[in-house]
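Coordinate inspection notes
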Number of protein chains: 2
Amino acid sequence: MLRNDKRLIERAEQVVPGGVYGHMSTYLMPDGVPQYYTKSKGTYLWDADGNKYFDCLSAYGPNLLGYGNAQVQDAIRNQLEHCDTMSGPSPLMVDLAEAMVDMIDHANWAMFCKNGTDATSIATTIARAKTGRSKIVVGRGIYHGCLPWSTPSMEGVQPADRMNLIYFDVTDMDSFTDAVRQAGDDLAGVIVTPYRHEVFGDQHFFPQEMAQLIRKSCDEKEAVLILDEVRTGFRLSVGSAWSEHGVQPDISCWGKMLGNGQPISAVLGTDEVKQAASSIYVTGSFWFSAVPMAAAIETLRQVREGSYFKQIMAYGRRLRAGLEDRARAFGFELSQTGPVTMPQILFREDPDFRIAYRFCQLLAQNGVLFSPYHNMFMNAGMTDEAIDGVLETSEKVFAELKDTRGNIPAIPDRVTEKLNKRKPLLGLGQKQKLA
Amino acid sequence: MLRNDKRLIERAEQVVPGGVYGHMSTYLMPDGVPQYYTKSKGTYLWDADGNKYFDCLSAYGPNLLGYGNAQVQDAIRNQLEHCDTMSGPSPLMVDLAEAMVDMIDHANWAMFCKNGTDATSIATTIARAKTGRSKIVVGRGIYHGCLPWSTPSMEGVQPADRMNLIYFDVTDMDSFTDAVRQAGDDLAGVIVTPYRHEVFGDQHFFPQEMAQLIRKSCDEKEAVLILDEVRTGFRLSVGSAWSEHGVQPDISCWGKMLGNGQPISAVLGTDEVKQAASSIYVTGSFWFSAVPMAAAIETLRQVREGSYFKQIMAYGRRLRAGLEDRARAFGFELSQTGPVTMPQILFREDPDFRIAYRFCQLLAQNGVLFSPYHNMFMNAGMTDEAIDGVLETSEKVFAELKDTRGNIPAIPDRVTEKLNKRKPLLGLGQKQKLA
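These figures come from a predicted structure and were not determined experimentally.

1. Notes on the sheet that holds strand β2 (residues 44-47) of chain B
Residue and element names in this part refer to chain B. The mixed open sheet is built from four strands, whose spatial order is β1-β2-β3-β15. Strand pairing shows two members of the sheet lacking a second neighbour, β1 (37-41) and β15 (368-369), which therefore form its edges. In terms of strand pairing, β1 meets β2 through four bridges, oriented antiparallel. Opposite Lys39, over in β2, you have Trp46 as the bridge partner. Where helix α12 (residues 384-403) meets the sheet, its contacts fall on β2, β3 (52-55) and β15, and the angle it forms with β3 comes to roughly 105 degrees.

2. Description of the nonpolar core
Residues Phe112, Phe234 and Phe370 of chain A together with Phe112, Phe234 and Phe370 of chain B are the most contacted members of the largest nonpolar core, which totals 262 residues. Setting aside residues up to four positions removed in sequence, Phe234 of chain B forms contacts with Leu64, Met103, Ile104, Gly239, Trp254, Met257, Leu258, Leu300, Val303, Tyr308, Phe309 and Ile312 of chain B.

3. Re the packing of helix α3 (residues 92-103) of chain A against helix α9 (residues 290-305) of chain A
All names here are of chain A. Look at α3 against α9: their axes get within 9 Å of each other, and the N-to-C directions meet at 30 degrees. On the basis of the axis angle, α3 is roughly parallel to α9. For the pair α3 and α9, the sense of crossing is left-handed. Contact residues: α3 offers Leu92, Met93, Asp95, Leu96, Ala99, Met100 and Met103, while α9 offers Ala290, Met293, Ala294, Ala296, Ile297, Leu300, Val303 and Arg304. Split into classes, the residues belonging to the contact of α3 with α9 amount to 13 nonpolar, no polar and two charged.

4. Describing the pairing of strand β12 (residues 265-269) of chain B
Residue and element names in this part refer to chain B. Burial of β12 is extensive: five of the five residues sit out of reach of the surface. A two-sided burial pattern is seen for β12, the buried positions comprising Ser265, Val267 and Gly269 on one face and Ala266 and Leu268 on the other. Here five bridges tie strand β4 (residues 109-113) to β12, and the two strands are oriented antiparallel to one another. What sits directly across from Cys113, in β12, is Ser265. Bridge count for strand β11 (residues 251-254) against β12 is four bridges, and the pairing is antiparallel. Residue pairing in the sheet places Trp254 in a bridge with Ala266 of β12.

5. Structural notes on the relation of the copies chain B and chain A
At an RMSD of 0.0 Å, chain B and chain A line up after a rotation of 180 degrees and a shift of 0.0 Å along the axis. Taken together, these values place the two copies in the relation of a two-fold axis. Minimal C-alpha distance to the rotation axis in chain B is attained by Ala160 of chain B, lying at 2.7 Å. With an isologous cut-off of 70% or more, the 100% of interface residues of chain B that recur at the interface of chain A puts this contact in the isologous class.

6. Thoughts on the interface of chain B and chain A
Each side of the interface is counted separately: chain B has 96 residues, and chain A has 96 residues. Between chain B and chain A the total buried area reaches about 8,300 Å² when both faces are included, carbon and sulfur atoms providing 61% of it. The three residues of chain B that bury the most area against chain A are Tyr21, Ser87 and Tyr281 of chain B, which together make up 10% of that side's buried surface. Applying the counting rule to chain B against chain A returns six salt bridges. Across the pair Arg11 of chain A and Asp95 of chain B runs a salt bridge, and its minimum N-O distance is 2.8 Å. At the boundary of chain B with chain A, the tally comes to 44 residue pairs in polar contact (both at pLDDT 80 or more). Classifying every residue of the side of chain B that touches chain A by side-chain character gives 47 nonpolar, 32 polar and 17 charged.

7. A word on the pattern of salt bridges
A side chain with one charge may pair with a side chain of the opposite charge, provided their charged atoms come close. Residue and element names in this part refer to chain A. The full count for this structure, using the stated rule, is 38 salt bridges over all chains. A salt bridge links Asp219 to Arg215; the shortest N-O distance between them is 2.9 Å. You can see Asp219 and its partner Arg215 sitting in helix α7 (residues 208-221), four residues apart, about one turn around the helix. Note on Asp219: relative accessible area 47%, which makes it partly exposed. Look at Arg215 and you get buried, because its relative accessible area is 14%. One network of salt bridges, in which partners are shared, links Lys6, Arg7 and Glu10.

Calculation rules
- Residues numbered from 1 in each chain as written.
- Chains lettered and ligands numbered in written order.
- Predicted model: local features only at pLDDT ≥ 70, side-chain atom pairs only at ≥ 80, totals over all residues.
- Heavy atoms only, no water.
- Pairing = 2+ DSSP bridges.
- Helix = DSSP H or I, 4+ residues; strand = E, 2+ residues; numbered from the N terminus.
- Contact = heavy atoms within 4.5 Å.
- Axes fitted to C-alpha atoms, helices over the stretch in contact; angles between N-to-C directions.
- Core = buried A, V, L, I, M, F, W, Y, C linked by side-chain atoms within 4.5 Å.
- Buried < 20%, exposed > 50% of the residue type's maximum accessible area, 1.4 Å probe, protein only.
- Parallel < 35°, antiparallel > 145°, perpendicular 65-115°, else oblique.
- Left-handed = near helix turned anticlockwise from the far one by under 90°.
- Nonpolar A, V, L, I, M, F, W, Y, C, P; charged D, E, K, R; others polar.
- Least-squares fit on C-alpha atoms with pLDDT ≥ 70 in both.
- Buried area = accessible area lost by both parts, 1.4 Å probe.
- Salt bridge = Lys/Arg side-chain N within 4 Å of Asp/Glu carboxyl O.
- Polar contact = N/O pair within 3.5 Å; in protein donor to acceptor, adjacent residues only side chain to side chain.

Shown next as structure tokens:
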């Protein structure tokens with residue numbers, strides 16, 4: 001069926017370790033979800049066999065305004081005519097830094113880089129430079145990037161890579177207090193995501209008291225609070241996510257959506273940590289390239305002036321409510337958690353994920369890309385009609401699920417194996433569904 | 001004079017730590033070298049005040065074929081119409097991996113990422129995953145990227161970040177043997193650049209015996225040899241740089257020039273380390289984006305089929321010989337080291353760099369961008385006529401240098417301060433010119 005996709009997968013296995021590595025690998029996906037895409041537009045993707053999909057993954061975040069958003073494309077094409085990667089930045093770097101400082105409450109400055117991982121690593125280095133201390137408090141199983149200090153696989157990771165981290169359980173405020181106590185007078189900072197959005201489990205919001213406790217502890221210890229917004233940026237609010245809790249970080253990390261798909265990430269911070277930020281040495285061959293900055297400036301303009309946030313909220317609510325109704329009608333109970341703009345959709349009474357996997361497999365066969373384990377992302381390239389189409393498809397799928405309920409096959413062995421290996425690292429097992 | 005540039009610098013200082021950070025900052029440059037550029041074409045840049053420059057820095061490497069190379073631009077524009085960052089790779093990832101495996105002798109596989117630093121960090125992680133050991137032998141003062149394990153500033157860096165590194169002096173083969181002995185049975189790998197190309201000093205080629213010794217030691221210890229070609233790639237040869245020594249690495253790291261300015265880097269490796277490479281978890285939001293891969297495929301096509309290498313060799317020779325003659329004619333002795341395609345141009349009898357700084361300052365005032373401390377890069381967007389223009393300008397500058405020889409001002413205090421801070425880290429002081 002996915003003949004070309006299969007052929008590409010076979011070719012890739014010859015010349016790329018594991019075929020496709022990292023979060024875009026379909027290794028953990030149900031069979032039948034395509035690995036390769038050849039075209040994108042709005043919220044749609046086309047696979048290598050010519051099939052069209054409603055994509056709810058949104059490039060795992062970068063697609064905020066819709067693939068190929070007209071004004072962003074114009075900004076890219078226009079900038080390409082002038083310059084991109086040169087022996088210095090273009091003035092767009094200054095414009096972009098000013099735009100971010102204007103938009104984000106706590107930000108007095110910005111630094112630009114390429115990966116989300118660049119941003120979180122720069123942030124922890126600044127925290128250490130600022131304080132002259134070494135320990136960073138970090139949530140157990142929380143993903144802050146793929147360097148040895150945070151990657152979910154322990155292959156190639158040395159104890160030294162993590163010896164200055166102290167872990168706490170993000171669902172337990174006492175464990176945070178313990179971690180801070182443990183750091184003693186060597187606490188450089190705390191890094192945390194605005195809410196818990198790990199794979200293979202429900203998403204959890206942190207209570208306001210948690211955010212405030214973290215802020216208070218950092219103040220008392222004169223440590224640096226780092227908010228990792230790489231995944232959440234501009235999908236929880238048009239600004240910093242913990243503003244609603246009355247909490248501002250000292251440093252925040254941004255990526256993914258900043259240029260609507262163009263490669264750019266950022267570190268923002270307050271004046272208090274600016275001197276420390278200028279004391280560290282970080283750089284990259286493409287960090288000052290002009291095209292991604294032009295795309296980011298236009299993306300931020302639409303974020304400030306456009307209706308994208310109202311749209312993605314509305315699409316998210318429409319999808320959540322519509323799926324809820326339809327699941328119930330066919331005798332299923334969904335567990336839909338997290339913000340509606342970043343839906344995590346699991347099934348209750350699905351301890352080994354087999355229903356979720358079959359659900360996503362059938363959806364893919366009917367032109368809808370969902371993830372059975374990773375949170376998804378709404379984008380402003382969606383429409384009410386497109387969401388309604390997804391709901392209609394889901395009805396067909398729920399019907400088939402109901403008819404075959406006793407015979408749903410187990411998830412692929414490869415997934416079980418991978419999960420068992422990673423379970424202790426992901427913090428799986430506690431309040432998680434996998435046995 | 002550079003009124004707009006100055007205004008941009010002032011604005012940036014308000015919203016970016018240090019204004020521009022990293023290797024593209026003009027902080028260490030002579031006054032009068034512009035910080036910002038607004039247009040690029042071939043080997044030319046235009047600053048924010050409308051001045052045009054012959055750029056010998058070539059974006060510090062990425063500009064291999066000329067800024068805005070027509071076929072690369074076509075590949076970018078064409079791919080932009082179809083797709084870029086999506087929820088999975090495009091088939092171009094497979095094409096690109098196959099192209100690299102075909103081109104590079106030791107490569108059986110490729111992984112793509114964004115920064116050179118990504119590539120070197122992935123390589124060391126693979127070495128550790130492969131061997132189950134922790135120690136990496138690395139040249140003292142050699143730059144392998146800006147993460148805490150290799151960055152030239154110690155601000156924010158912890159002893160733990162470097163506790164699994166063992167340093168050797170790249171000009172001393174005995175010190176390499178000592179380092180390997182010190183690692184004992186815990187040697188995971190050795191990482192080394194094809195030759196020594198550090199700032200503020202002559203470039204040094206490694207003798208063939210050095211390359212062979214490193215290979216032999218890795219074989220004996222079953223450790224992984226990593227060749228860091230991020231800076232040198234396709235400027236020493238159309239292939240792997242140590243092939244001329246009869247030495248193949250197990251893993252090589254590439255970046256900068258791979259997409260002629262588009263953001264992409266790569267790790268290549270042999271079948272022996274492929275399983276280890278697939279066992280680690282690394283990823284990035286933009287690592288599978290299609291546009292940089294389209295640019296890389298076209299760049300590699302020109303590298304294989306075009307005459308770029310003959311061109312950059314010829315331009316390099318013409319520049320080196322022409323400068324040599326003119327310097328002599330005015331009573332100066334240059335120290336031109338490294339490959340002609342990556343010229344490092346210093347002055348003999350210039351212990352505090354003041355002649356080099358004044359030379360580059362006068363060149364910049366006359367429309368030629370040179371670095372007084374960092375190696376430069378030839379690109380195929382140059383022409384014989386353009387090189388001759390640079391030589392003509394240099395004549396004027398040498399004449400002025402000669403006339404004012406007794407009165408050349410010292411280098412800016414800010415440079416001296418930075419250098420003194422970094423001296424121990426850069427390995428400065430030994431065989432280096434700075435007092």
